[in-house]
Every structure is written in structure tokens, then in C-alpha cells.
Amino acid sequence: MTTTAPPGSQRRTEPPTAPADGRRAVLRRIRSGNGFVFVLPFLLVFALFMVWPIVQGLWMSFTDSSLALRDTNFVGLDNYTEAFGDPDVWSSLGNTVFFTAISSVPLVLVALAMALLVHSGLAGQWAWRLAFFAPYLLPVTVVTLIWTWLYQPELGLGNQFLDTLGMEPVGWLSDESVAMWSIAALTVWWTVGFNFLLYLAALQSLPTTFDEAAALDGAGAWRRLWSITLPQLRRTTGLVAMLQILASLKVFDQIYILTKGGPNGSTRPVLEYVYDVGFTGYRLGYASAVSYLFFALIIVVSLVQFRLFRRED
């Protein structure tokens with residue numbers, strides 16, 4: 001005979017609460033600030049090498065700080081006022097904008113063409129990828145040494161090629177009308193590999209459904225490229241263009257090593273002018289003011305680009 005216990009007499013088993021309480025305690029400790037310990041080393045390094053120099057440089061721009069004098073006096077906005085009226089600042093800014101214009105466009109278009117060429121299934125893709133990206137791995141000193149020999153007036157490959165065509169030699173780095181174009185050509189050869197990788201990664205992530213459907217409908221390769229592939233690369237193109245413009249605005253290394261701003265200041269960018277004023281003319285306060293004006297210009301350009309890309313999206 002089976003007996004059934006009354007409902008009220010059944011024993012209820014409570015689930016263990018120790019593991020749950022332990023997890024809650026860990027979460028409470030993390031939320032209470034213990035997680036801050038893990039990011040503290042990074043914050044200390046960031047504050048020491050980024051925040052403090054920015055604050056110190058900004059304060060220095062309001063003083064007459066100099067490498068030749070011990071005493072430093074507060075001069076207010078005098079450095080900024082002088083910078084706005086300094087013709088060398090405007091000429092170096094014009095050189096920087098000109099270099100950005102003539103280097104950014106080919107660095108976007110050439111990188112896109114290279115990525116499309118490799119993505120099309122060209123034989124020996126590993127060799128093409130290595131050849132396109134390898135120059136980007138070279139340090140600037142090696143790149144400038146190679147191109148110095150290419151631009152050498154008498155023995156350089158450039159003038160030898162012109163001589164075979166019956167043309168007059170060119171002062172690649174000594175002619176004011178040619179020097180900046182020569183530096184832009186060097187920069188394109190050196191840095192286009194990075195943009196090439198961005199485009200190639202974007203192409204490999206695109207869905208093939210639309211391209212296959214268009215091919216079945218009879219669309220040719222150029223039509224599919226123009227109407228399907230390029231519109232899907234709009235975000236990547238915006239990213240590449242923004243990064244390239246900002247990088248070109250900050251040009252310094254290759255110009256300083258090749259020409260030191262010559263001939264007659266025709267290739268001197270803003271950052272080289274800041275270097276010359278601060279470490280050759282010993283005027284650290286004035287150099288800081290010029291650098292912060294240029295920094296403000298870069299911020300404005302970045303915001304404009306970001307606004308334009310958001311509007312297109």
C-alpha cells in the first residue's frame with residue numbers, strides 16, 4: 001500500500017548559494033575599483049609620455065622659452081600673433097598642402113588599382129603582394145638613400161632614362177619646380193603598400209552574390225567594377241583617404257633627409273619649420289605656438305572629413 005504524504009509535510013531543498021554569492025562578491029570588488037589596477041600601468045605611461053608633454057608644450061607656447069636663455073617669461077598670445085604674420089609659416093604651410101594634394105590622390109588610386117589587380121586572380125599572387133608591400137617595411141633612411149641615387153644628376157637612373165630619349169637632364173632635387181614632385185613620387189612608392197593591404201582586405205570581404213548575379217545578366221567586367229565593386233568600397237576609400245591626408249600633412253622625415261627644405265625653402269613643410277625655429281633658432285616658445293596652430297588645423301581637417309563621410313553614409 002502506497003501512502004502519500006500531505007503537501008505541507010514535503011521537505012524543500014534550497015539551492016546552494018555559496019557559488020552565487022562568490023561571483024557576486026567578485027563582481028562587487030571589480031566594480032568597486034579593483035579593475036583600475038590593471039589599466040593603471042598604461043594610464044601612467046600615457047600620462048607621462050602623452051598628456052604631460054601636451055600640457056607642457058601648450059604652456060610653453062605662451063612663453064618666450066629658449067634654449068639659449070635660462071629665464072622664461074609669460075608673453076601671452078604674442079607668439080601666436082607673430083605666427084599669423086610670419087610669411088615663413090604661410091609658405092611652409094603652402095608647401096605642406098601642396099605635398100598633401102599631389103601625394104594623397106595617387107596613394108589612393110594606385111593602391112586601389114594594385115588591390116584590384118591582385119584580387120583579379122593574377123598568377124603568382126604571393127610575389128605581387130610581396131612586391132607591393134615590401135617597400136613599406138623599409139626605414140626612411142634606406143628609402144631616401146635609394147632614391148638619392150635614382151635622382152643623382154649625372155649617374156642617376158632617372159636622368160639616364162631621359163638621356164636615352166634624347167631629353168635634357170632634370171634637377172630632381174635641385175629644381176624648385178620639380179623637387180616636391182620628386183619627393184611625392186618617392187612617398188607614393190614607399191607608403192602605397194599600406195593602403196594596398198587595406199583595399200585588398202576589403203575586396204576579399206565583399207560578398208560575391210551581386211557580382212555573380214550581374215555577370216549572369218550579361219554585365220561586363222568594367223560595368224561590374226563601376227556599379228558593384230566600387231560602391232561597396234566607399235567606406236574603405238573614405239578611411240584610406242582620411243588616413244592618407246593626415247599622414248601627408250605630417251610629412252617631415254623624407255623631406256628633411258633629402259633636401260632639408262630646399263632648394264630655397266620650396267620643399268620645407270610646417271613641421272620642418274617648427275624644427276628649424278625650435279632647435280636651430282632656439283625659440284622653443286615660438287616653435288610650440290606654430291606647432292599648436294598646425295595641430296588645430298589638423299583637428300579641423302579631421303572633423304570636416306568625418307562630417308563628410310557621415311553625410312555620405
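Please refer to the structure higher up on the page.
Parameters at a glance
All chains use their own residue numbering, which begins from 1 and follows the written sequence. Residues qualify for local features only when their pLDDT is at least 70, as the model is predicted, and side-chain atom pairs are given and counted only at 80 or more; totals for whole chains, interfaces and linings, by contrast, use all residues. For side-chain calculations, the full set of non-hydrogen atoms in the structure is used, while hydrogens and water are omitted. Helix numbering and strand numbering both begin at the N terminus, where a helix is a DSSP run of H or I of at least 4 residues and a strand a DSSP run of E of at least 2. When accessible area is computed with a 1.4 Å probe and restricted to protein chains, residues below 20% of their type maximum are described as buried, those above 50% as exposed, and intermediate ones as partly exposed. Only the protein chains shown count as cover for residues, and the accessible areas themselves come from Shrake-Rupley with a 1.4 Å probe. What counts as a salt bridge is simple: a side-chain nitrogen of Lys or Arg found within 4 Å of a carboxyl oxygen of Asp or Glu. Here, the term nonpolar core denotes a set of buried Ala, Val, Leu, Ile, Met, Phe, Trp, Tyr and Cys residues that are joined through side-chain atoms within 4.5 Å. Contacts between residues were defined by any pair of non-hydrogen atoms, one from each residue, lying within 4.5 Å. Helix axes are fitted to C-alpha atoms over the stretch in contact, other axes to C-alpha atoms as well, and angles between N-to-C directions run from 0 to 180 degrees. Here the angle decides the label: under 35 degrees means roughly parallel, over 145 means roughly antiparallel, 65 to 115 means roughly perpendicular, and every other value means oblique. Handedness of a crossing is defined here by the sense of rotation of the near helix relative to the far one, left-handed for an anticlockwise turn of less than a right angle and right-handed for a clockwise turn. Three classes are used: nonpolar for Ala, Val, Leu, Ile, Met, Phe, Trp, Tyr, Cys and Pro, charged for Asp, Glu, Lys and Arg, and polar for all others, with Gly counted as polar.

Participant: Looking at this structure, I do not really get the overall build of the protein chain. What am I missing?
Facilitator: Each helix and strand counted, the protein chain has 14 helices and zero strands in total. Beginning at the N terminus, the succession of helices and strands in the protein chain can be written as α-α-α-α-α-α-α-α-α-α-α-α-α-α. Classification of the 313 residues of the protein chain by burial places 33% in the buried group. Entry remark: accessible area of the protein chain is about 20300 Å², with carbon and sulfur atoms responsible for 67%.

Participant: Would you mind going over the pattern of salt bridges with me for this structure?
Facilitator: Opposite charge on two side chains allows them to pair when their charged atoms are near. According to the stated counting rule, one finds three salt bridges in the structure shown. Between Glu 82 and Arg 283 there is a salt bridge, with its nearest N and O atoms 3.0 Å apart. With Glu 82 in helix H3 (residues 78–84) and Arg 283 in the loop between helix H13 (270–280) and helix H14 (284–312), this pair connects stretches of sequence that are 201 residues apart. A residue is classified by how much of its surface remains accessible, and Arg 283, at 35% relative accessible area, is partly exposed. Overlapping salt bridges bring together Asp 88, Arg 268 and Asp 276 as one network.

Participant: How should the nonpolar core be read in this particular structure?
Facilitator: Burial of nonpolar side chains together is a common tendency in soluble globular proteins. Ala 115, Phe 196, Tyr 199 and Leu 233 are the most contacted members of the largest nonpolar core, which has 18 residues in total. When contributions to this core are tallied by element, the ones reaching two or more residues are helix H4 (87–119) and helix H8 (179–205). Setting aside anything within four residues of it in sequence, one finds Ala 115 in contact with Phe 196, Tyr 199, Leu 200 and Leu 203. Membership of the second largest hydrophobic core comes to 17 residues, among which are Tyr 151, Leu 162, Leu 186 and Val 251.

Participant: Is there a simple way to think about the packing of H4 against helix H5 (residues 125–133) in this case?
Facilitator: The N-to-C vectors of H4 and H5 enclose an angle of 165°; their axes lie 10 Å apart at closest approach. It follows from the interaxial angle that H4 and H5 lie roughly antiparallel. Relative to H5, H4 is oriented so that their crossing is left-handed. Of H5, the residues touching H4 (which contributes Met 114, Leu 117 and Val 118) are Gln 125, Trp 128, Arg 129 and Phe 132. Of the residues belonging to the contact of H4 with H5, the class tally is five nonpolar, one polar and one charged.

The quantities given are spatial measurements derived from coordinates; they are silent on function.
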